[in-house]
Amino acid sequence: MSSPASSSSPTAAGGVLRHPGMRAFMAARVAAVLATQVQAVVVAWQVYDLTREPLALAYVGLAQFIPMLCLLLPAGDLMDRFARRPILAAAWVVSALCSALLWWLSGHGVAGVSSIYGVLVLYGGARAFAGPALQSLLPQIVPREQLAQAMAVNSMLMRSATITGPFLGGLLYALGGGELTYLVCLGCFLLGAVLLRYVTVAHAAPRAVGGTIWTRFAEGIGFIRSRPVILGCISLDLFAVLLGGVVALLPIYAHEVLHVGPQGLGALRSAMAVGEVGMGLYLSARPLNRRVGATMFGAVAVFGVANLVFALSHWFWLSFAALLVAGMADMVSVYIRGALVQFSTPDAMRGRVQAVNMLFIGSSNEVGEFRAGTSAAWLGPVGAAVAGGLCTLGVVGTWATAFGGLRRLDRFEEASPPP
């Protein structure tokens, strides 16, 4: 018996994009992701160039994570009470303001990095609202039976922007420094906010919710605890990337291990995205919908092994290839985890669930950067990367045992909550 996901084809993928507002939504996301990736490369390069301290890169992640930690849960509650599209537009406008501030700091030759950290705190606050809004808005644009297909197409397009962003960031910085680069980011964030006006919300459920904000938080946390599929998916991402991610170490590897400049750093940051887009193209044509649990755990294990190869490599092209494989594995894992969480969550609860999910993702990315930076300061970049890869493999084994039902899950539809 075929399922909606398994019956998808390239023709069906094009059909997903024909839903009213879907193309505008995708274009807006591409613009915002492009700005995010460009800005990430340039901020990391500027901070490390100013300080030459691995710990300074850790503070880049921490400055963004602290406001996200404080604001994500209130943001998720807001998503379930009000329209998500205008909240997302406002978050991108604030992100554009942060790009403008970074442009001003670059143009006035401000010494030191404390002002940059201050802007990143504001930027982290904007991301706290943008993340849950993005994740909970897509199911309101397409019907449920095409959700897995839409997520595959969405992931592929996002990874395409992730490839372009780091290369463009390195090139723009080499051509015009921070001033030119941050102006491009400013324009992309504003373009994304404008395009949201053309997004049609056709599948929204009645909005939540009574009670106090604490009652609504408790409902969201209680729902996640009652759904091992959701808890297992988001906690697997948290600990696998928190303990095993190497992205924060790329500026150090580019400077001191592989001896490449900002263009090489952009290439390394894009390597994972190249693998993700290649796998995303495959998944958009032939989405997975059999043995999804076991496949997800296997993909995270491959991600850990690929990071180990990167950690031990001193050759640029081997490092690039290892990150490419890591990106392919990560795409499979992200696709399956995202689809399982969406299928497991009713629309009226999506804002709060996605806020918790984004909190876990933010923890894995931003605190993971802090963990990688501090580990590099103590163990050196190679030691920190090796330890991270081994920790990822340990997490996979532990979670596969603890969440046996998730590991045995066959189809996405099996994760749907009962009527």
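Structure report, in brief. In this text, all values refer to a predicted model and were calculated from it rather than measured experimentally. (Residues numbered from 1 in each chain as written. Predicted model: local features only at pLDDT ≥ 70, side-chain atom pairs only at ≥ 80, totals over all residues. Heavy atoms only, no water.)

## What about the overall build of the protein?
Secondary structure assignment for the protein yields 14 helices and zero strands. In the protein, the succession of α and β elements from N to C terminus is α-α-α-α-α-α-α-α-α-α-α-α-α-α. Looking at the protein alone, contacts between residues at least 24 apart form 89% of all its contacts between residues at least 6 apart. Taken as a whole, the protein presents about 16000 Å² of accessible surface, with 68% of it coming from carbon and sulfur. (Helix = DSSP H or I, 4+ residues; strand = E, 2+ residues; numbered from the N terminus. Contact = heavy atoms within 4.5 Å. Areas by Shrake-Rupley, 256 points an atom, 1.4 Å probe, with all protein chains shown as cover.)

## Digging into the nonpolar core
Within the largest apolar cluster, 120 residues are counted, with the highest numbers of intra-cluster contacts made by Trp92 and Leu340. The element that contributes the greatest number of residues to this core is helix H2 (residues 22-51), accounting for 15 residues. What Trp92 contacts, discounting residues up to four positions off in sequence, is Ala28, Arg29, Ala32, Ala130, Leu134, Phe189, Gly192, Ala193 and Leu196. If you look at the next biggest cluster of nonpolar residues, it comprises five residues, including Leu72, Ala128, Met358 and Leu359. (Core = buried A, V, L, I, M, F, W, Y, C linked by side-chain atoms within 4.5 Å. Buried < 20%, exposed > 50% of the residue type's maximum accessible area, 1.4 Å probe, protein only.)

## Overview of helix H10 (residues 262-285)
Taking 1.5 Å as the rise per residue, H10 with 24 residues should run 34 Å; its terminal C-alpha atoms sit 35 Å apart, in good agreement. By the largest-angle criterion, Ser270 marks the main kink of H10, which is about 35 degrees. (Expected span 1.5 Å × (residues − 1). Bend = angle between axes of the 7 residues up to and from the residue.)

## Quick word on a nonpolar patch on the surface
Taken together, the side chains of Val305, Val309, Trp315, Leu318, Leu390 and Leu393 define a hydrophobic patch exposed on the protein surface, amounting to about 550 Å² of accessible area. Elements supplying a minimum of two residues to the nonpolar patch: helix H11 (292-312) and helix H13 (350-402). Its place among the elements puts Trp315 in the loop between H11 and helix H12 (316-343). (Patch = residues over 30% accessible without salt bridge, like charges linked within 9 Å, V, L, I, M, F, W, Y side chains within 5 Å. Salt bridge = Lys/Arg side-chain N within 4 Å of Asp/Glu carboxyl O.)

## Description of the packing of aromatic side chains
The geometry of an aromatic ring pair is captured by the separation of the ring centres together with the interplanar angle, meaning the angle of the planes. Counted according to the given criterion, the structure contains six aromatic pairs. Judged by centre distance (6.3 Å) and plane angle (40 degrees), the ring pair of Phe316 and Phe320 falls under tilted. Of this pair, Phe316 and Phe320 both sit in helix H12, four residues apart, which is roughly one turn of that helix. Members of the aromatic cluster, joined through ring pairs, are Phe316, Trp317 and Phe320. (Phe/Tyr/Trp six-rings, centres within 6.5 Å; stacked < 30°, edge-to-face > 60°.)

## A look at the side chain of Arg337
By the secondary structure assignment, Arg337 is in helix H12. Among the residues examined, Arg337 registers a relative accessible area of 9% and is labelled buried.

## Observations regarding empty space enclosed by the protein
The final tally for this structure, using the stated rule, is two cavities of 30 Å³ or more. Counted as a void, the second largest cavity has a volume near 60 Å³. Lining the second largest cavity, in full, are Asp237, Ala240, Val241, Ala299, Val300, Phe303, Ala329, Asp330, Ser333 and Arg337. Only helix H8 (228-244), H11 and H12 provide two or more residues apiece to the lining of the second largest cavity. Examining the composition of the lining of the second largest cavity, we find that four residues originate from one element, H12, more than from any other. A class-by-class count of the residues in the lining of the second largest cavity yields six nonpolar, one polar and three charged. (1 Å grid on protein atoms, 1.4 Å probe; cavity = no way out; pocket = protein on both sides within 12 Å on 5 of 7 lines; lining within 4 Å. Points joined across faces, edges and corners; volume = space filled by probe spheres on them. Nonpolar A, V, L, I, M, F, W, Y, C, P; charged D, E, K, R; others polar.)

## Thoughts on the packing of H2 against helix H6 (residues 147-195)
Packed helix pairs are specified by the crossing angle of their axes together with the interaxial distance, meaning the distance between the axes. For the pair H2 and H6, the least separation of the axes is 4 Å and the interaxial angle reads 40 degrees. The angle between the axes of H2 and H6 places the two elements in the oblique class. Broken down by class, the residue content of the contact of H2 with H6 amounts to 31 nonpolar, 13 polar and one charged. (Axes fitted to C-alpha atoms, helices over the stretch in contact; angles between N-to-C directions. Parallel < 35°, antiparallel > 145°, perpendicular 65-115°, else oblique.)

## A few points about the pattern of salt bridges
Counted under the stated rule, the structure contains five salt bridges. The salt bridge partner of Asp77 is Arg81, with a shortest N-O separation of 3.8 Å. Remark: Arg81 and Asp77 occur in helix H3 (residues 54-81); sequence separation between them is four residues, near one turn of the helix. A residue is classified by how much of its surface remains accessible, and Asp77, at 2% relative accessible area, is buried. Arg84 is paired through a salt bridge with Asp80; the nearest N and O atoms lie 3.1 Å apart. You can call Asp80 buried: its relative accessible area is 2%. Connected through shared salt-bridge partners, Asp80, Arg84, Glu219 and Arg352 make up one network.

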